[in-house]
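Observations on chain architecture
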Amino acid sequence: MAESSNLSIFKIGVGPSSSHTVGPMLACNLFCNALGENVSKVERIKIELYGSLSLTGKGHLTDMACIIGLNGIRAKDLSASLKDETISLAMQNHKINLAGRKEIDFSYERDVIFYQDFLPLHENGMKVSAYDCNGGVVLEQVYYSVGGGFVATEEALKNPPKQEQHKDIKISFSNAKELLALCEKHKKTIAQISMEYEEQFNSKEYIQKYCSEIWEAMQDSYRNGCSTEGILPGPLKLKRRAPELLKSDFDPKDPLSFVDQVSLYAIAIAEENGAGGRVVTAPTNGACAVVPAVMLYLQALYGSEFDCKVVDFLLVAIAIGSLYKKNASISGAEAGCQAEIGSASSMAAAAAAYIMGGDAYQICSAAEIAMEHHLGLTCDPVAGLVQIPCIERNAFGAIKAISAARIAISRKSQPKVGLDEVIKTMYQTGKDMDHRYKETSLGGLASLEWEA
Ligand code: SF4
């Protein structure tokens, strides 16, 4: 794979799912771009969803994300009112403003098709087709939502771009061993190496601004999660708990009261995601609350000292996240929840260890420990919604991250398992996992009877 910036491991998106909401929306944006001037010829559009996108697509709002994306609206520009207007135009008035340029007829029953089978190249496949007034194909494109809101066309997955080392690429690492070797060689921290890597693609000012915006959006999602009462969308009719938790008295004499505090941070953000609100994909939407919950904990612990280190924190998390993306998966549909909550917890553990004063080896050890204790975690969302077990699972991912960072820092002996090995193990475990436990809602908790 050609080298590129890792910043987009964190990106502002909408809930509830990076692979089922953000990715399909982006695929539809890309389809609009590919149509270009041909948009004027289009009279009908068809969306076909396969595999996991179909099996849990309704609960994850994949259908609605596609409709919004075909209107040419990008995730980061979506407000609650724009979302409501666009969905109402499609579902009540039966119209789509294709690419934001041409209004065409739309029938949900006719134009959105859910298939039980899978497309060959990935668990999350979809096809978008545009037709002219005679039913002739104007454009037809297969996309795969490969996790974390990233999308690849069928051609790109079949023929990945060849490794082309850009002439200006001086720093690169594709696994933890190479990252640690760079730290040793240049006598630099992981945050510094990550910054130097990113500076090959963007200016330092841009990177700092990007990270600050990500942190702002994370804090916004926490505030919105705490201040919005009511019921989450979907048939479970799950009550939002964060506003009530916020009112709880955390006993300062209870040494474990930080657990309640971290749980509040995570539940507030994960509920905001479950409601389809604006959150930061980190590295996925299902796991969007793990990293910010750890950051909010560190902010409460260290105050302004932490505020000065936010960019470094995110750069460490990005570097670790890139290892999962390059060598394994961050998609629940591909490798189970260990790839989502596990990767997020590993990233957060590494960055927390950095803030707590850990060296590069302790940071990688923290990342390894956090993942090691998520291995085998299945993805079995009840009713296909990103609510049960996802919301509470974010709290556990954050608490495990803090624990992993502390264990790594206090350790005096050499760990026996390295970060690269655990990443490889997670991926293999995911590949071996039965498809019922990979975001299909066909097994585990998802197969239980539940009451609305
Ligand atoms: S169970 Fe985990 S991977 Fe599956 S939807 Fe929930 S958070 Fe995502």
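A quick note: this is a predicted structure, and the numbers were derived from the prediction, not measured.

Details of the pattern of salt bridges
Under the counting rule described, the total for this entry stands at 18 salt bridges. With its nearest N and O atoms 3.2 Å apart, the salt bridge here joins Glu213 to Lys209. Taken as a pair, Glu213 and Lys209 lie in helix α9 (residues 204-227) at a separation of four residues, close to a single helical turn. With relative accessibility at 54%, the residue Lys209 sits in the exposed group. Linking Asp434 and Arg436 is a salt bridge whose minimum nitrogen-to-oxygen distance equals 3.0 Å. For Asp434, a relative accessible area of 32% translates into the label partly exposed. Through salt bridges that share partners, Arg44, Arg110 and Asp111 make up one connected network.

Section: the domain arrangement of the protein chain
Here the protein chain is described as being made up of domain 1 (16-158) and domain 2 (176-447). Each of domain 1 and domain 2 has a C-alpha centre, and these two points are 29 Å apart. Contact residues are listed per partner, giving 20 residues for domain 1 and 24 residues for domain 2. Together, the buried faces of domain 1 and domain 2 total about 1600 Å²; carbon and sulfur atoms form 56% of this surface. Elements with a minimum of two residues in the side of domain 1 that touches domain 2: α1 (18-35), α2 (51-55) and β7 (137-147). With four residues, the single largest contributor to the side of domain 1 that touches domain 2 is α1. Of the residues assigned to the side of domain 1 that touches domain 2, the class counts are six nonpolar, 12 polar and two charged.

Re a nonpolar patch on the surface
A grouping of Ile388, Leu445 and Leu448 is seen on the molecular surface, where their side chains present a nonpolar patch of about 230 Å² in accessible area. Looking at the element boundaries, Leu445 is found in the segment after α19 (419-432).

A few points about the site of the ligand
Around the ligand, the neighbouring residues are Gly286, Cys337, Glu340, Cys379, Cys390 and Arg393. Each residue belonging to the shell around the ligand can be placed in one class, and the counts come to three nonpolar, one polar and two charged.

Brief notes about a negative patch on the surface
Among the surface-exposed residues, Asp249, Asp251, Asp254 and Asp260 lie close enough to one another that they form a single negatively charged patch. In this fold, Asp254 is placed in the loop between α10 (242-246) and α11 (257-274). The class of Asp254 is partly exposed, set by a relative accessible area of 31%.

Details of the packing of aromatic side chains
Enumeration over the complete set of coordinates arrives at eight aromatic pairs. Chaining the aromatic ring pairs together yields one cluster made of Phe173, Tyr197 and Phe201. When the ring centre of Phe114 is taken as reference, the NZ or CZ atom of Lys58 above it lies at 4.9 Å.

Points about the environment of Ile73
By secondary structure assignment, the location of Ile73 is in the loop between α3 (62-70) and α4 (80-91). Put simply, Ile73 and Ser221 are 148 residues apart on the chain and 20 Å apart in space, counted from C-alpha to C-alpha. Excluding its chain neighbours within four sequence positions, the residues that come into contact with Ile73 are Met25, Asn29, Ile68, Leu78, Leu82 and Thr86.

A word on the sheet that holds strand β2 (residues 44-49)
Hydrogen bonds between backbone groups are what pair the strands of a sheet, and the pairing can be parallel or antiparallel. The strand order across the open sheet built from five strands is β5-β2-β6-β7-β8, with neighbouring strands paired in mixed fashion. Here the strands that pair on one side only, and so sit at the sheet edges, are β5 (112-114) and β8 (150-153). Averaged over all adjacent pairs, the angle separating strand axes in this sheet is 25°, with direction ignored. Sheet analysis places β2 next to strand β6 (residues 125-131), joined by six bridges and oriented antiparallel. When the bridges of β6 are listed, Leu49 appears paired with Met126. Strands in contact with α3 are β2, β5 and β6; relative to β2, the strand with the most contacts, it is inclined by about 145°.

The rules behind each value
- Residues numbered from 1 in each chain as written.
- Predicted model: local features only at pLDDT ≥ 70, side-chain atom pairs only at ≥ 80, totals over all residues.
- Heavy atoms only, no water.
- Salt bridge = Lys/Arg side-chain N within 4 Å of Asp/Glu carboxyl O.
- Helix = DSSP H or I, 4+ residues; strand = E, 2+ residues; numbered from the N terminus.
- Buried < 20%, exposed > 50% of the residue type's maximum accessible area, 1.4 Å probe, protein only.
- Domains from an automatic or database assignment.
- Contact = heavy atoms within 4.5 Å.
- Buried area = accessible area lost by both parts, 1.4 Å probe.
- Nonpolar A, V, L, I, M, F, W, Y, C, P; charged D, E, K, R; others polar.
- Patch = residues over 30% accessible without salt bridge, like charges linked within 9 Å, V, L, I, M, F, W, Y side chains within 5 Å.
- Areas by Shrake-Rupley, 256 points an atom, 1.4 Å probe, with all protein chains shown as cover.
- Near = heavy atom within 4 Å.
- Lys, Arg positive; Asp, Glu negative; His and termini not counted.
- Charge placed at Lys NZ, Arg CZ, Asp CG, Glu CD.
- Phe/Tyr/Trp six-rings, centres within 6.5 Å; stacked < 30°, edge-to-face > 60°.
- Lys NZ or Arg CZ within 6 Å of the ring centre and 35° of its normal.
- Pairing = 2+ DSSP bridges.
- Axes fitted to C-alpha atoms, helices over the stretch in contact; angles between N-to-C directions.

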